[in-house]
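Residue-level listing of the chains:
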Amino acid sequence: MPEISVIIPTYNRCRVLKRALESVFDQEGSSFEVVVVDDGSTDNTESWISQEFPEVRYFSQENRGPSAARNRGLKEARGEWIAFLDSDDEWKPGKLGAQLEFFAENPECGIAQTEEIWVRNGTRVNPMNKHKKKGGRIFEHCLELCRVSPSAVMIHRRIFESVGLFDEAFPACEDYELWLRIAAREPIGLIDKPYVIKYGGHADQRSREFPAMDRFRMAALVKILREGALSDADEKNAREMLRVKAEIYRLGAAKRQKEDEIRKIETLLREIEQNKPLSSDYRAWLDSSAVPA
């Protein structure tokens, strides 16, 4: 059985998938399998993979989004460790080996990510300070936005058995929601060396599909707060971040005269300010039909 399962979800990315796959097969010093989940591509992904990379374990499904694609990969994976790679990113040589070495030196840790290099429209850029990664107990650090990169992370399968898989109700920020669940329970290791090249700026980036991305983060915060499993300190920090995001959301709703959204957000804010249990279901914040921004 392979030591690591590398899961690559893809959707109409045949033109860049070769770069990602070659960067995986350039890895040395570990036993791994590559699982590609084709989320309903309409290009020639299947035939191309069968010709160019016959060693890949290829699975296809109807288009259901990245959460469902990653979950399918997890269900098919045979390795003890799981590594994700977005199909438009690539790894530098030594990535998998560095993470296995980290886990050998830190056996208490079941998840770790590496640093990464960002490239936007062909030009290397420096991430802003708000994107800075940290290691250890980083739940509070993960509240503002996503501080864990799917392409940079390796996770022991026991963690998924403990916290569950990706929530397929989230069309975006599905990784942010999962990292919150993990960070509330586990230390997240950091290898302070870039082993990932993360490409952005292209037209089919998922973040470009959805307005008001923070509503998905609000949904994730509502969800984890309603679960009632946070420590007192983590709950306090999560409620405060939800309040901040809700205030911004309310301004957008007021500007566009979204009365139903205003009432919904004001109810949420009252519950936060009065330290009451949250009454709304997190799925209410995933509906794009009433987005105020």
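Quantities reported herein were computed from a predicted structural model and do not represent experimental measurements. (Residues numbered from 1 in each chain as written. Predicted model: local features only at pLDDT ≥ 70, side-chain atom pairs only at ≥ 80, totals over all residues. Heavy atoms only, no water.)

*Asks:* Just to check I follow, could you spell out the packing of aromatic side chains for this structure?
*Replies:* Each aromatic ring pair is described using two quantities: the centre-to-centre distance and the angle formed by the ring planes. Across all of its chains, the model carries 10 aromatic pairs by this definition. Geometrically, the ring pair formed by Phe25 and Phe32 is tilted, given 6.1 Å between the ring centres and 50 degrees between the ring planes. Each ring, one from Phe84 and one from Phe160, has its centre 6.3 Å from the other, and the planes form 85 degrees; the classification is edge-to-face. Placement of Phe84 in strand E4 (residues 81–84) and of Phe160 in helix H5 (residues 157–163) is noted, with a sequence separation of 76 residues between them. Residue Phe84 is classed as buried on the basis of its relative accessible area, which comes to 0%. (Phe/Tyr/Trp six-rings, centres within 6.5 Å; stacked < 30°, edge-to-face > 60°. Helix = DSSP H or I, 4+ residues; strand = E, 2+ residues; numbered from the N terminus. Buried < 20%, exposed > 50% of the residue type's maximum accessible area, 1.4 Å probe, protein only.)

*Asks:* Would you mind going over helix H9 (residues 259–273) with me for this structure?
*Replies:* Since the α-helix advances by 3.6 residues per turn, residues separated by three or four positions end up pointing in the same direction. Helix length check: H9, at 15 residues, gives a terminal C-alpha distance of 21 Å against a target of 21 Å (1.5 Å per residue), a fit within 8%. Within H9 the residues assigned to the buried category are Glu261, Ile262, Ile265, Leu268, Leu269, Glu271 and Ile272. Lining the buried residues of H9 we find helix H7 (214–227) and helix H8 (232–255). Positive backbone phi, at 55 degrees, marks Asn275, one or two positions downstream of H9. (Expected span 1.5 Å × (residues − 1). Contact = heavy atoms within 4.5 Å.)

*Asks:* Can you help me understand the packing of H8 against H9 in this one?
*Replies:* Packed helices, taken two at a time, are described by the angle their axes make and the gap between the axes. One can describe the packing of H8 onto H9 by two numbers: an axis separation of 9 Å at closest approach and a directional angle of 155 degrees. Our classification of the angle between H8 and H9 gives roughly antiparallel. Relative to H9, H8 is oriented so that their crossing is left-handed. Each of Arg239, Leu242, Arg243, Ala246, Glu247, Tyr249, Arg250, Ala253 and Ala254 in H8 lies in contact with H9, whose residues at this interface are Glu261, Ile262, Ile265, Glu266, Leu268, Leu269, Glu271, Ile272 and Glu273. Classifying every residue of the contact of H8 with H9 by side-chain character gives 10 nonpolar, no polar and eight charged. (Axes fitted to C-alpha atoms, helices over the stretch in contact; angles between N-to-C directions. Parallel < 35°, antiparallel > 145°, perpendicular 65-115°, else oblique. Left-handed = near helix turned anticlockwise from the far one by under 90°. Nonpolar A, V, L, I, M, F, W, Y, C, P; charged D, E, K, R; others polar.)

*Asks:* Quick question: what am I supposed to make of the state of the cysteines here?
*Replies:* Formally, a disulfide is one covalent bond, and it connects the sulfur atom of one cysteine to the sulfur atom of another. One pass over the full model with this rule turns up zero disulfides. With no disulfide of its own, Cys142 lies closest to Cys146 among cysteine sulfurs, the gap being 7.6 Å. For Cys142, a relative accessible area of 3% gives the class buried. (Disulfide = S-S within 2.5 Å.)

*Asks:* When you look at the pairing of E4 in this model, what are you seeing that I'm missing?
*Replies:* Looking down a regular strand, the side chains alternate between one sheet face and the other. Residue alternation in E4 divides its side chains into two sets, Trp81 and Ala83 and Ile82 and Phe84, and both sets are buried. By the bridge criterion, three bridges tie E4 to strand E8 (residues 153–156) in an arrangement that is antiparallel. For Ala83, the partnering residue across the bridge sits in E8 and is Met154. (Pairing = 2+ DSSP bridges.)

*Asks:* Whenever I open this one, the pattern of salt bridges confuses me. Can you help?
*Replies:* Once the charged atoms of two side chains with opposite charge are near each other, the side chains can pair. On inspection of all chains with the given rule, the structure shows 23 salt bridges. Arg70 is paired through a salt bridge with Asp86; the nearest N and O atoms lie 3.2 Å apart. You can see Arg70 sitting in helix H3 (residues 66–76) and its partner Asp86 sitting in the loop between E4 and strand E5 (90–91), a full 16 residues away along the chain. Comparing Arg70 with Asp86, the two get one shared label, buried. In this structure, the salt-bridge partner of Arg263 is Asp260, at a minimum N-O distance of 2.3 Å. With Arg263 and Asp260 both in helix H9 and three residues apart, the pair spans about one turn of that helix. We classify Asp260 as exposed; its relative accessible area is 56%. Within the structure, one salt-bridge network assembled from shared partners comprises Asp167, Glu177, Arg181 and Lys223. (Salt bridge = Lys/Arg side-chain N within 4 Å of Asp/Glu carboxyl O.)

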